[in-house]
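# Overview (structure and organization)
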Amino acid sequence: MVSRTRRLADVLRAERRRLADDLHRSRSGLGESGAPGAVAGFVVAKTVALGHRCLRRAAETAVDRRYGIRTAGMLRPDSPGDTPDPHAAYAYQPVGLRRFRAVVAACATTPSATTFLDLGCGRGRALALARAHGFARVVGVELDAELARTARANLAAGGSTAVVVHTGDAATTAVPAGPLLVFLFNPFGPAVLRRVLDRVAEQASGPVTVGYVNPVHRAVLDDDPRWERTATARWWSVHRLRRPPGPHPDDTGSS
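Here the structure is a predicted model, which is why all the values come from computation and not from measurement. (Residues numbered from 1 in each chain as written. Predicted model: local features only at pLDDT ≥ 70, side-chain atom pairs only at ≥ 80, totals over all residues. Heavy atoms only, no water.)

## Points about the overall build of the protein chain
What counts, and what does not: The helix count covers DSSP runs of H or I at least four residues long, the strand count covers runs of E at least two residues long, and both are numbered beginning at the N terminus. For every residue, the accessible area (1.4 Å probe, protein chains only) is compared with the maximum for its type, and the residue is labelled buried under 20%, exposed over 50%, or partly exposed between those bounds. Working rule for contacts: check all heavy atoms of both residues, and any pair within 4.5 Å makes them a contact. To be clear on the numbers: accessible area is Shrake-Rupley with a 1.4 Å probe, and residue cover counts the displayed protein chains and nothing else.
Counting its secondary structure elements, the protein chain contains seven helices and seven strands. Going from N to C terminus, the protein chain has its helices and strands arranged as α-α-α-β-α-β-α-β-β-α-β-α-β-β. Here the protein chain holds 255 residues, and the buried ones make up 38% of them. Of all intrachain contacts in the protein chain linking residues separated by at least 6 positions in sequence, the fraction that spans at least 24 positions is 66%. Summing over all exposed atoms, the protein chain offers an accessible surface of approximately 13,900 Å²; the carbon and sulfur share of this is 54%.

Structural data, given as C-alpha cells:
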C-alpha cells in the first residue's frame, strides 16, 4: 500500500511539473502571437489551475483510502455569522501527508510520551495521522459542530480510546497536561491565534511545541517573547514555549 501511494505521488509531481512547463511556454509566446496567443495563454492557465486542483484532490483521496477516513476537499463556512468573529475561522482543508510528517519530525518530540493537540481539527485528517504516528494521546478541538461530528466518525473506525474530539472554542479549551505538540493548519486569524497562544502558555504544565502549517500569521509567534522559533520551511514553522525562570513540576533533584 505504501509503495502504491508513493508511486501515485511521483506521478502527480511529474504531471504538475509538465503542466507548469506548458504554462511557462504559453506565457513566453504571448508577445509574439498577439491576441490569439493571449487567449491561448489564458486557456492554458485555466487548464493548469484545474489540473492542479484535480491532482491535489487525487492525492488527498489517496491518503484517505490509506487511513480509512473521508477528509478530502476544501470546505468554507456557509456564513461569516457561523463564528463569533467573522475573521476567526478559516476554510477547512486537510493537511498533506508529506507536510504533516515534515513538521512533526521538525518538532523533535517523543510521540509515545506526548499529547498531540490539533486546534481547528476539521474533519480529523491530522488526528488520524497523529494516531498512526504513535502519539500517546490525540486530542482535537473544532468550533464547527458538523465538522467535529465528521472527525469523530472518521476516527471511530480506528477504535482507539486515546483519540478525543471536542466541539468548542480553541481559545477557551482546556490544555492537556504534560508534554504537548500543538498542531495548527492556519485555522484562524491573528487575534484568535494570540488568544490561543495565551491560553496554551498559561495552562501548560510540560514542554510545549507548536507545529504551524501554512504559517500565514507566524509573526504572532515571532513577536511573542514566550515562543522561540526552532525550525522553518516554506510551508511550516516550529516554535517552542520558553520555560520561565523558577522551579517546575517536572524538575528533579535532591533538596
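Let us keep going from here.
## Side note on helix H3 (residues 97-107)
Residue pairs three or four apart in sequence face the same way in an α-helix, which turns once every 3.6 residues. Note the following rule: Starting at the helix axis, one direction is taken to each C-beta atom, and the arc is that of these directions.
Inspection of H3 places Leu97, Phe100, Val103, Val104 and Cys107 among the buried residues, and these make up the whole buried set. Viewed along the axis of H3, the buried residues span an arc of 140°, placing them on a single side of the element. Opposite the packed face of H3, turned more than 90 degrees from it, sit the exposed residues Arg98 and Ala105.

## Focus: the packing of aromatic side chains
Test applied: Stacked, edge-to-face and tilted are the three classes for Phe, Tyr and Trp ring pairs, Trp counted by its six-membered ring, which pair at centre distances within 6.5 Å; planes under 30 degrees apart are stacked, over 60 edge-to-face, the rest tilted. The criterion is that NZ of a Lys, or CZ of an Arg, lies within 6 Å of the ring centre and within 35 degrees of the ring normal, and then a charge sits over that ring.
By the definition in use, this model includes four aromatic pairs. A connected cluster of aromatic rings, assembled from ring pairs, spans Phe100, Phe116, Phe135 and Phe183. For Arg99, the ring lying beneath its charged end belongs to Trp235, and the centroid distance is 4.2 Å.

## Details of unusual backbone geometry
With phi around 40°, Asn186 is a residue other than glycine that occupies positive phi space. Its location among the elements puts Asn186 in the loop between strand E4 (180-185) and helix H6 (190-203). With relative accessibility at 9%, the residue Asn186 sits in the buried group. Even without a glycine there, the phi angle at Asn214 is positive, about 55°. Of note, Asn214 is situated in the loop between strand E5 (208-213) and helix H7 (218-222).

## With respect to the pattern of salt bridges
The line we're drawing: The term salt bridge refers to a pairing of a side-chain nitrogen on Lys or Arg with a carboxyl oxygen on Asp or Glu at a separation within 4 Å.
Enumeration over the complete set of coordinates arrives at six salt bridges. Put simply, Asp64 and Arg125 hold a salt bridge, and the shortest N to O gap is 3.1 Å. Here Asp64 is found in helix H2 (residues 30-67), whereas its partner Arg125 is found in helix H4 (residues 125-133), with 61 residues between them in sequence. Judged on exposure class, the residue Asp64 and its partner Arg125 are both buried. Across the pair Arg226 and Asp224 runs a salt bridge, and its minimum N-O distance is 2.6 Å. With a relative accessible area of 14%, Asp224 lands in the buried category. Within this structure, Asp198, Asp224 and Arg226 form a network of salt bridges that share partners.

## Quick word on the pairing of strand E6 (residues 227-232)
We apply this condition: Here a strand pair is declared whenever DSSP counts at least two bridges between the two strands.
When E6 meets strand E7 (residues 236-241), the two strands line up antiparallel, connected through five bridges. If you follow Trp227 over to E7, its bridge partner there is Leu241. Hairpin connection from E6 to E7: three residues lie between these consecutive antiparallel strands.

## Let's talk about the sheet that holds strand E2 (residues 137-142)
Two modes of strand pairing occur in sheets, parallel and antiparallel, and in both the strands are linked by backbone hydrogen bonds. Rules: To get an axis, a line is fitted to the C-alpha atoms, and for a helix only the part in contact is used. The angle between two axes follows their N-to-C directions and goes from 0 to 180 degrees.
Judged by pairing direction, the sheet is mixed, and its seven strands sit side by side in the order E3-E2-E1-E4-E5-E7-E6 without closing on themselves. Where the open sheet ends on each side, the last strands, each with one partner, are strand E3 (163-167) and E6. Mean inter-strand twist for the sheet, computed between neighbouring axes without regard to direction, equals 20°. In this sheet, E4 lies alongside strand E1 (residues 115-119) in parallel orientation, the contact comprising four bridges. Within E4, the residue paired with Phe116 across the bridge is Leu181.

## Side note on the environment of Gly73
By the secondary structure assignment, Gly73 is in the loop between H2 and H3. Taking the C-alpha atoms as reference points, Gly73 and Gln93, separated by 20 residues in sequence, lie 6.3 Å from one another.

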